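Single-letter residue listing:
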Amino acid sequence: DAKTTQPNSMESNEEEPVHLPCNHSTISGTDYIHWYRQLPSQGPEYVIHGLTSNVNNRMASLAIAEDRKSSTLILHRATLRDAAVYYCILRAQDDKIIFGKGTRLHILP
Amino acid sequence: EAGVTQFPSHSVIEKGQTVTLRCDPISGHDNLYWYRRVMGKEIKFLLHFVKESKQDESGMPNNRFLAERTGGTYSTLKVQPAELEDSGVYFCASSQDLINTGELFFGEGSRLTVL
């Protein structure tokens, strides 16, 4: 399985944007970049995914480097509810989701 | 539309006993996955069903774990006999299409405590 590297933890102030980085230098051409998050006492939750182009949805934006060796999950305006562990995952087509350690995001009121 | 539901939410059993966890995926989702998180560890993949067939069971820890999905609807994960190291949270997920969005929908999890 291709590996990703994320910071163990990050802090951000409420109502400010958050940029969560992810390095994946061994990504292959067919790997999708997925982001999931896990809020306390809940199951993981899909956030966003992309292949090559930047992606936006109601939850977040995903910025993918031109060489695809890194990506950034952007929460445009963090709320206390966004405090969670965020997982950056490489997923080949027809393959399973493999979770790493993720980044624990703390939101300061 | 109902999400992925898991039962029970919490089970406490003694070592050597049997426990069966159930997962009801979102209606129409052919893909069903089991994962678990043992205390302090990462979420680990256990297995993947496509309809009633086991597509990938490479993450099943040993033969004390048996997963079934008769009829391609709900799935059960039985642990028999349970050991202390089986304690953790077991998550089920379902998805409609591997190729398209690839989004997995997870349940809230079943917490298993083995004493």
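The coordinates are above.
**Concerning the overall build of chain A**
Point 1. Of regular secondary structure, chain A possesses 0 helices and 9 strands.
Point 2. Since a compact globule built from 109 residues should have a radius of gyration of about 13 Å, the 13 Å found for chain A is in line with a globular shape.
Point 3. By principal-axis analysis of the C-alpha atoms, chain A measures approximately 40 × 30 × 25 Å.
Point 4. Within chain A, the proportion of its 109 residues that are buried is 45%.
Point 5. In chain A, once contacts between residues fewer than 6 apart in sequence are set aside, the share between residues at least 24 apart is 56%.
Point 6. Looking at chain A as shown, the accessible area adds up to about 5500 Å², and 46% of this sits on carbon and sulfur atoms.
Point 7. Charge-centre separation for chain A: the mean point of 11 positive side chains lies 5 Å from the mean point of 12 negative side chains.

**Structural notes on the overall build of chain B**
Point 1. If you tally the helices and strands in chain B, you get 0 helices and 11 strands.
Point 2. When the helices and strands of chain B are listed from N to C terminus, the series reads β-β-β-β-β-β-β-β-β-β-β.
Point 3. By the compact-globule yardstick of 13 Å for 115 residues, chain B fits well, its C-alpha radius of gyration being 13 Å.
Point 4. Long-range pairs, those at least 24 residues apart, make up 52% of the contacts in chain B between residues at least 6 apart in sequence.
Point 5. When the accessible surface of chain B is split by element, carbon and sulfur atoms take 47% of a total near 5800 Å².
Point 6. Between the averaged position of the 12 positive side-chain charges in chain B and that of its 15 negative side-chain charges there is a distance of 6 Å.

**Some details on the sheet that holds strand 8 (residues 75-79) of chain B**
Residue and element names in this part refer to chain B.
Point 1. The strand order 1-3-8-7 describes an open sheet built from 4 strands, whose pairing is antiparallel. Lying at the two open borders of the sheet, with one neighbouring strand each, are strand 1 (5-7) and strand 7 (65-68). Averaged over all pairs of adjacent strands, the angle between strand axes in this sheet comes to 15 degrees, irrespective of strand direction.
Point 2. Here strand 7 runs beside strand 8; their pairing, made up of 4 bridges, is antiparallel. Its bridge partner being in strand 8, Glu 68 is matched across the sheet by Thr 76.

**Remarks on the pattern of salt bridges**
Between side chains of opposite charge, a pair can form as their charged atoms come close.
Residues and elements named next belong to chain B.
Point 1. Considering all chains together, one arrives at 11 salt bridges over all chains under this definition.
Point 2. For Lys 15, the salt bridge goes to Glu 83, with nearest N and O atoms at 4.0 Å. Of this pair, Lys 15 sits in the loop between strand 2 (10-13) and strand 3 (19-24) while Glu 83 sits in the loop between strand 8 and strand 9 (88-95), and the two are 68 residues apart along the sequence.
Point 3. Judged by its relative accessible area of 22%, Glu 83 is partly exposed.
Point 4. The shortest N-O distance in the salt bridge between Asp 24 and Arg 22 comes to 2.7 Å.
Point 5. Among the charged side chains, a salt-bridge network with shared partners connects Arg 36, Arg 64, Glu 85 and Asp 86.

**Side note on the state of the cysteines**
Point 1. One pass over the full model with this rule turns up 2 disulfides over all chains.
Point 2. Each sulfur of the disulfide joining Cys 22 of chain A and Cys 88 of chain A lies 2.1 Å from the other. The S-S bond linking Cys 22 of chain A to Cys 88 of chain A shows a torsion near -85 degrees; that makes this disulfide left-handed. With Cys 22 of chain A in strand 2 (residues 18-23) and Cys 88 of chain A in strand 8 (residues 84-91), this residue pair connects regions lying 66 residues apart in the sequence. Like Cys 22 of chain A, the residue Cys 88 of chain A is buried in the burial classification.
Point 3. The disulfide that involves Cys 23 of chain B links it to Cys 92 of chain B, with 1.8 Å between the sulfurs.

Rules used throughout
- Residues numbered from 1 in each chain as written.
- Chains lettered and ligands numbered in written order.
- Predicted model: local features only at pLDDT ≥ 70, side-chain atom pairs only at ≥ 80, totals over all residues.
- Heavy atoms only, no water.
- Helix = DSSP H or I, 4+ residues; strand = E, 2+ residues; numbered from the N terminus.
- Rg over C-alpha atoms; globule rule 2.2 N^0.38 Å.
- Buried < 20%, exposed > 50% of the residue type's maximum accessible area, 1.4 Å probe, protein only.
- Contact = heavy atoms within 4.5 Å.
- Areas by Shrake-Rupley, 256 points an atom, 1.4 Å probe, with all protein chains shown as cover.
- Lys, Arg positive; Asp, Glu negative; His and termini not counted.
- Charge placed at Lys NZ, Arg CZ, Asp CG, Glu CD.
- Pairing = 2+ DSSP bridges.
- Axes fitted to C-alpha atoms, helices over the stretch in contact; angles between N-to-C directions.
- Salt bridge = Lys/Arg side-chain N within 4 Å of Asp/Glu carboxyl O.
- Disulfide = S-S within 2.5 Å.

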